[in-house]
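Working through the structure, step by step
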Amino acid sequence: MEGFVLALLVVAVIFLMMGIRVVRQGYVYTIERFGRFTHVANPGFNFIVPFVDRVGRKVNVMEQVLDIPGQEIITKDNAMVGVDAVVFFQVLDSAKAAYEVSDLYVAIMQITTTNLRTVMGSMDLDETLSKRDEINARLLSVVDHATSPWGVKLTRVEVKDIRPPADISNAMARQMKAEREKRAQILEAEGLRAAEILRAEGEKQGQILQAEGRREAAFRDAEAREREAEAEAKATQMVSDAIAGSGSQAINYFVAQKYVEAISQFATSPNAKTILFPLEATQLMGTLGGIGELAKEVMGKDKDK
């Protein structure tokens, strides 16, 4: 009896051990009973009925990356381009991913490839090269809608590389070079234009400043001449007053003064070797005598005062 109980205990322990299932984080197991799906086993400790329940599929519920192999696509303008893409997806419903589609990875790859041909085939070559974001968005919308019955959520679709034909690549390179040369010439022309404008502005400003300088100089010259004329007029007035008060003797004085200054200039001239006086000595003495009389007369007046 004790042996039978012990045997039952051993069988029970084995039975319990066979029913224990530990699911790793990031995975979900589908449980089937007699081949029919009943429920899912979430990460952690799970118990199933041995010989009745079994693990059907082990579904990865982490976000996964599926590489779409390169393919040749004909664009709307009949250009052949090579395209590579990647798909990021995550299983949200493990039961649908396990039982609604035979091979989930192959199905996603095929439907993405088909829609990639459809989207890029409706665009020109220039659009396929310049509107990558638009291609990604359209692919994501179409493929995500198509895979939603499988319990899959597409998070991102990215076109990795677009390879145009070699002749088109060469033509594009020449076009880009010509465009850059055009921009360089435009910038150079604009620089020369700006330099000419600045140079003209500088010359204009210089001429304005020169004209203002000449005007200021002319004004100061006129002022100097005016003051010189005033001084000359004042001197002339003083001479006239002296002549009016002293008569011919004052005239003789001024004439003699100028005569002496002229003789002194002859004497100090470096080229003067011989000095000829065209006037007679008696005339010079008479002039000097007049000067002496004028001086006496002036001195006498001063004493009377």
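Notes on the structure follow. Keep in mind it's a predicted model, so treat the numbers as computed, not measured.

With that settled, consider the pattern of salt bridges. Evaluation of the coordinates by the stated rule reveals eleven salt bridges. Residues Arg183 and Glu179 are paired through a salt bridge, measuring 4.0 Å at the closest nitrogen-oxygen approach. In this pair, Arg183 and Glu179 both sit in helix H6 (residues 166–246), four residues apart, roughly one turn of the helix. Judged by relative accessible area, Glu179 falls into the partly exposed class, the value being 36%. Here Arg220 ties to Glu216 by a salt bridge, and the two come within 3.1 Å at their closest N and O atoms. One end of the pair, Arg220, and the other, Glu216, are both in helix H6, four residues apart, so they sit about a helical turn from each other. Take Arg220: its relative accessible area is 51%, and that puts it in the exposed class. Given a relative accessible area of 36%, Glu216 falls into the partly exposed group.

Over its 16 residues, helix H5 (residues 132–147) extends 22 Å from the first C-alpha to the last, a length consistent with the 22 Å expected when each residue adds 1.5 Å. Packing partners of the buried residues in H5 comprise helix H3 (104–121), helix H4 (125–130) and strand E8 (152–163).

Right, let's get into the packing of aromatic side chains. All chains considered together, the criterion is met by two aromatic pairs. The interplanar angle of 50° and the centroid separation of 5.5 Å between the aromatic rings of Phe37 and Tyr99 together place this pair among those described as tilted. With Phe37 in strand E3 (residues 36–41) and Tyr99 in helix H2 (residues 94–99), the pair connects residues that are 62 residues apart, well separated along the chain. Its relative accessible area of 29% is what places Phe37 among the partly exposed residues. You can call Tyr99 partly exposed: its relative accessible area is 34%.

The rules behind the values
- Residues numbered from 1 in each chain as written.
- Predicted model: local features only at pLDDT ≥ 70, side-chain atom pairs only at ≥ 80, totals over all residues.
- Heavy atoms only, no water.
- Salt bridge = Lys/Arg side-chain N within 4 Å of Asp/Glu carboxyl O.
- Helix = DSSP H or I, 4+ residues; strand = E, 2+ residues; numbered from the N terminus.
- Buried < 20%, exposed > 50% of the residue type's maximum accessible area, 1.4 Å probe, protein only.
- Expected span 1.5 Å × (residues − 1).
- Contact = heavy atoms within 4.5 Å.
- Phe/Tyr/Trp six-rings, centres within 6.5 Å; stacked < 30°, edge-to-face > 60°.

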